[in-house]
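Analysis of the macromolecular model
Each chain, written out:
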Amino acid sequence: MNGWLVAAAVLLAGGLGAAVWGVATGPLGRRVVTQNMTTSLVCVAVLLLAQGYRRPAYVDIGLELSLLGPIGTLVYARLLADDLRPDPPRAPRLTAVAAAGTAAVVIALAVASGPGRAAVKLLLVGALLITGNVVASRALAGGIPEEARHE
Amino acid sequence: MNDALVVICLLLVAASATAAVAVRDPERQALVLAVLGLSLAVLFTVFQAPDVALSQLAVGSVLTPLLVLLSVRKVRRGAGPKTRRGTGPDRGGRDRTRPDAGPQPPGGRGGRDGATG
Amino acid sequence: MSRRLRMLLLALGGAGFAALFAAACLELPHFGAARHPYGERAVHAALARHTANVVSAVNFDQRAFDTLGEESILFAAVLGTVVLLRQTRGERQVRPEPVAVARPVRRYSLVMVPVALLTGLYVVAHGQLSPGGGFQGGVVVATALHLLYIGVDYQALERIRPVGGYEVGDAAGEAAYLVLGAAGLLGGSAFLANTLLPYGTFNTIPSGGTVPLLNAAIGMEVACAVVVLLARFLDQAVEIVDGSGE
């Protein structure tokens, strides 16, 4: 029995299950916020899996996701800006919870892997993920206006 | 433990894939597609196929949504400003499910979604 | 042929296929089993050529010819997009006005462009060692450039994206793969055979013979192909409008 894998399974069953529901139903604002939060959730789950399987190379998946996930949310913020403007989705509490959760898990993983390059990489992924999540939330809350056009 | 993870991931992929088909509006579909991509990436990780997971993330997290949304934007713009504001007699305007799209019975959405598909 | 006969023929064929398929499935290695006949041979061949990432060894050594086919599919698909999405008569270009992106988003994007570029290159360069490779890294590199459109401004992207150069890069990546394959032929061995270069020290970047080179060629091709592909889509969505409507 492996505690890391149990944690990942619980996170996926609860969090990602809720995310599928949240992204498939409800107003557009809630859906984009859910998409943003799913990035953090899946990234943390992948890091837990990497530790659970004892495969430090899998951290690369988390690294890539921590970079591309927030960029993906920025795509929605940019190209759905028109639809989001009437009611910009703000989720400060959810963003704070995601950031705190990410920080807690990443620090626990870094401690478990011991000092060294692996721990530095984990902390880097965590920092990228939290920054990206916060910035993407800001972008969704009206950070990117729709572009005008010379006619 | 690994079997449980595999089952959870398969169920999540099945659920999000079904949702991606059931949602009819392309913009919202792109959002569900992103979550489907993430579920698939986790599934591949659980199957110990990190290369495939990386490919899935590379394509699914930015490239696919960008292509879908740019195409939607072009098509909507080509349809003219009338359709854009949702006032025209269009069947599948973008404002179908927007809360400010006008008086619309809450129950009518599903039916119209089905009709436009 | 009557309808009845046709249905009979179909049923016969279907039944035959079902029987053979079921028989083949019974012989398959069990799902998730620790031993797998193909897997063991692939791992053995990869280790013999000092390639730490077996998937890369399969892609760029044992099945390098298949990868050539996949690369060509992407190349052809992008070529088709370029032809289909060109600016036609009756359409004209307008310059999009700059947008005022919120400062934290803008700053994040500007910082993340080099970080994402570096990560993409890292994924390409370590393809023979750890999960990843030319395709994954190439897409990350191309995505990094488009962060300038998403988070800063379309004109910022245009400044670093002379599409002509990326079209040349796309073709050069495809050509490099072919030339590397032909080099094997000239070296007295088979097309794309990994016998030309020393295999190097296991688990270092220059290990695996031609694997890192083919990997880099794919990385270049994919990165440039995605940039060209997105350039066409962006042109259509942002710049090109129907001339008659204005």
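Being a predicted model, the structure only gives us computed values, none of them experimental. (Residues numbered from 1 in each chain as written. Chains lettered and ligands numbered in written order. Predicted model: local features only at pLDDT ≥ 70, side-chain atom pairs only at ≥ 80, totals over all residues. Heavy atoms only, no water.)

1. Let's talk about the overall build of chain B
Helices and strands together make up the secondary structure of chain B, namely five helices and zero strands. The helix and strand sequence of chain B, counted from the amino end, reads α-α-α-α-α. When each of the 117 residues of chain B is scored for burial, the buried share is 47%. Within chain B, contacts between residues at least 6 apart in sequence are counted, and of these 45% link residues at least 24 apart. Of the roughly 5,200 Å² that chain B leaves accessible, carbon and sulfur atoms contribute 64%. (Helix = DSSP H or I, 4+ residues; strand = E, 2+ residues; numbered from the N terminus. Buried < 20%, exposed > 50% of the residue type's maximum accessible area, 1.4 Å probe, protein only. Contact = heavy atoms within 4.5 Å. Areas by Shrake-Rupley, 256 points an atom, 1.4 Å probe, with all protein chains shown as cover.)

2. With respect to the overall build of chain A
Tallying secondary structure elements over chain A gives six helices and zero strands in all. For chain A, the N- to C-terminal ordering of α and β elements is α-α-α-α-α-α. Its C-alpha atoms give chain A a radius of gyration of 16 Å, near enough to 15 Å, the size a compact globule of 151 residues would have. Seen along its three principal axes, the alpha-carbon backbone of chain A occupies a region of about 60 × 30 × 20 Å. Burial analysis of chain A (151 residues in total) assigns 59% to the buried set. In chain A, of all internal contacts separated by at least 6 residues, the share reaching a separation of at least 24 is 78%. (Rg over C-alpha atoms; globule rule 2.2 N^0.38 Å.)

3. Some details on the UniProt feature "transmembrane region" (unreviewed entry) in chain B
All names here are of chain B. The UniProt record marks residues 29–47 and 54–72 with the feature "transmembrane region" (unreviewed entry), using the residue numbering of this structure. Taken end to end, residues 29–47 has its terminal C-alpha atoms 26 Å apart, with 95% of it in helix and 0% in strand. Spanning residues 54–72, this segment combines 100% helix with 0% strand, and its end C-alpha atoms are found 27 Å apart. (UniProt positions renumbered as here; feature names shortened; annotations may be inferred.)

4. Description of the interface of chain A and chain C
Size of an interface: often given as the accessible area lost when the parts come together. Each partner contributes to the interface: chain A provides 28 residues, whereas chain C provides 30 residues. Summing both sides of the interface, chain A and chain C together bury roughly 2,600 Å²; the carbon and sulfur share of this comes to 68%. Between chain A and chain C we count zero salt bridges in total. At the boundary of chain A and chain C, one finds four residue pairs in polar contact (both at pLDDT 80 or more). Secondary-structure elements contributing two or more residues to the side of chain A that touches chain C are α3 (59–79) and α6 (117–143) of chain A. At 11 residues, α3(A) tops the list of elements feeding residues into the side of chain A that touches chain C. Taken together, the residues of the side of chain A that touches chain C break down into 15 nonpolar, four polar and nine charged. (Buried area = accessible area lost by both parts, 1.4 Å probe. Salt bridge = Lys/Arg side-chain N within 4 Å of Asp/Glu carboxyl O. Polar contact = N/O pair within 3.5 Å; in protein donor to acceptor, adjacent residues only side chain to side chain. Nonpolar A, V, L, I, M, F, W, Y, C, P; charged D, E, K, R; others polar.)

5. Quick notes on the interface of chain B and chain A
Listed per partner, the contact involves 41 residues of chain B and 42 residues of chain A. Of the roughly 3,900 Å² buried between chain B and chain A, counting both surfaces, carbon and sulfur atoms make up 72%. On the chain B side of the interface with chain A, the three residues burying the most area are M1(B), L31(B) and R73(B), jointly 17% of the side's total. Counting every contact that joins chain B to chain A gives four residue pairs in polar contact (both at pLDDT 80 or more). The biggest single contributor to the side of chain B that touches chain A is helix α3 (residues 50–78) of chain B, with 13 residues. When its residues are assigned to classes, the side of chain B that touches chain A shows 26 nonpolar, six polar and nine charged.

6. Re the UniProt feature "transmembrane region" (unreviewed entry) in chain A
All names here are of chain A. Per the UniProt record, "transmembrane region" (unreviewed entry) is annotated on residues 32–50, 57–79, 91–112 and 119–141. The distance from the first to the last C-alpha atom of residues 57–79 is 34 Å, and the span holds 91% helix and 0% strand. The straight-line gap between the two end C-alpha atoms of residues 119–141 is 33 Å; of that span, 100% is helix and 0% is strand.

7. Examining helix α9 (residues 211–239) of chain C
Given a rise of 1.5 Å per residue, 29 residues ought to cover 42 Å, and the 41 Å separating the end C-alpha atoms of α9(C) matches this to within 8%. The buried fraction of α9(C) is high, at 26 of 29 residues. (Expected span 1.5 Å × (residues − 1).)

8. Looking at unusual backbone geometry
Most of the time, phi is negative for any residue but glycine, and the peptide bond is trans. Positive phi, normally seen in glycine, also occurs at R54(A), with a value near 55°. As for its placement among the helices and strands, R54(A) is situated in the loop between α2 (28–52) and α3. With a phi angle near 65°, L192(C) is a residue other than glycine that sits in the positive phi range. Structurally, L192(C) can be placed in the loop between α8 (163–186) and α9.

9. Observations concerning the packing of aromatic side chains
In the structure shown here, the tally under the stated rule is four aromatic pairs over all chains. Considering the side-chain rings of Y53(A) and Y58(A), the 6.4 Å spacing of their centres and the 70° angle between planes classify their relative orientation as edge-to-face. Summarising the aromatic geometry, the rings of F65(C) and F191(C) are spaced 6.2 Å apart at their centres and angled 80° between planes, so their arrangement reads as edge-to-face. Of this pair, F65(C) sits in helix α4 (residues 64–84) while F191(C) sits in the loop between α8 and α9, and the two are 126 residues apart along the sequence. (Phe/Tyr/Trp six-rings, centres within 6.5 Å; stacked < 30°, edge-to-face > 60°.)

10. Some remarks on the packing of helix α1 (residues 3–24) of chain A against helix α2 (residues 26–46) of chain B
The contact between α1(A) and α2(B) brings their axes to 9 Å, and the two run at 160°. Taken together, the axes of α1(A) and α2(B) lie roughly antiparallel to each other. The hand of the α1(A)/α2(B) crossing is left-handed. Each of L12(A), L16(A), V20(A), V23(A) and A24(A) in α1(A) lies in contact with α2(B), whose residues at this interface are L31(B), V32(B), V35(B), S39(B) and V42(B). Across the contact of α1(A) with α2(B), the residue classes tally to nine nonpolar, one polar and no charged. (Axes fitted to C-alpha atoms, helices over the stretch in contact; angles between N-to-C directions. Parallel < 35°, antiparallel > 145°, perpendicular 65-115°, else oblique. Left-handed = near helix turned anticlockwise from the far one by under 90°.)

11. A short note on the packing of α3(A) against α3(B)
For the pair α3(A) and α3(B), the least separation of the axes is 10 Å and the interaxial angle reads 5°. As summarised for this structure, α3(A) and α3(B) are arranged roughly parallel, according to the angle between their axes. Packed against α3(A), whose contacting residues are D60(A), I61(A), E64(A), L65(A), L68(A), I71(A), G72(A), V75(A), Y76(A) and L79(A), the element α3(B) presents P50(B), A53(B), L54(B), L57(B), A58(B), S61(B), V62(B), P65(B), L66(B), L69(B), L70(B) and R73(B) at the interface. Among the residues making up the contact of α3(A) with α3(B), the classes are represented as 17 nonpolar, two polar and three charged.

12. Thoughts on the nonpolar core
Among the nonpolar cores identified, the biggest contains 124 residues, and L12(A), Y149(C) and Y177(C) are the most heavily contacted of them. Per-element accounting of this core gives the leading share, 16 residues, to α9(C). (Core = buried A, V, L, I, M, F, W, Y, C linked by side-chain atoms within 4.5 Å.)

13. Notes on the UniProt feature "domain: MrpA C-terminal/MbhD" (unreviewed entry) in chain B
Within the UniProt annotation, "domain: MrpA C-terminal/MbhD" (unreviewed entry) is assigned to residues 11–77 of chain B. Within the segment residues 11–77 of chain B, helix and strand shares are 91% and 0% respectively, and the terminal C-alpha atoms sit 38 Å apart.

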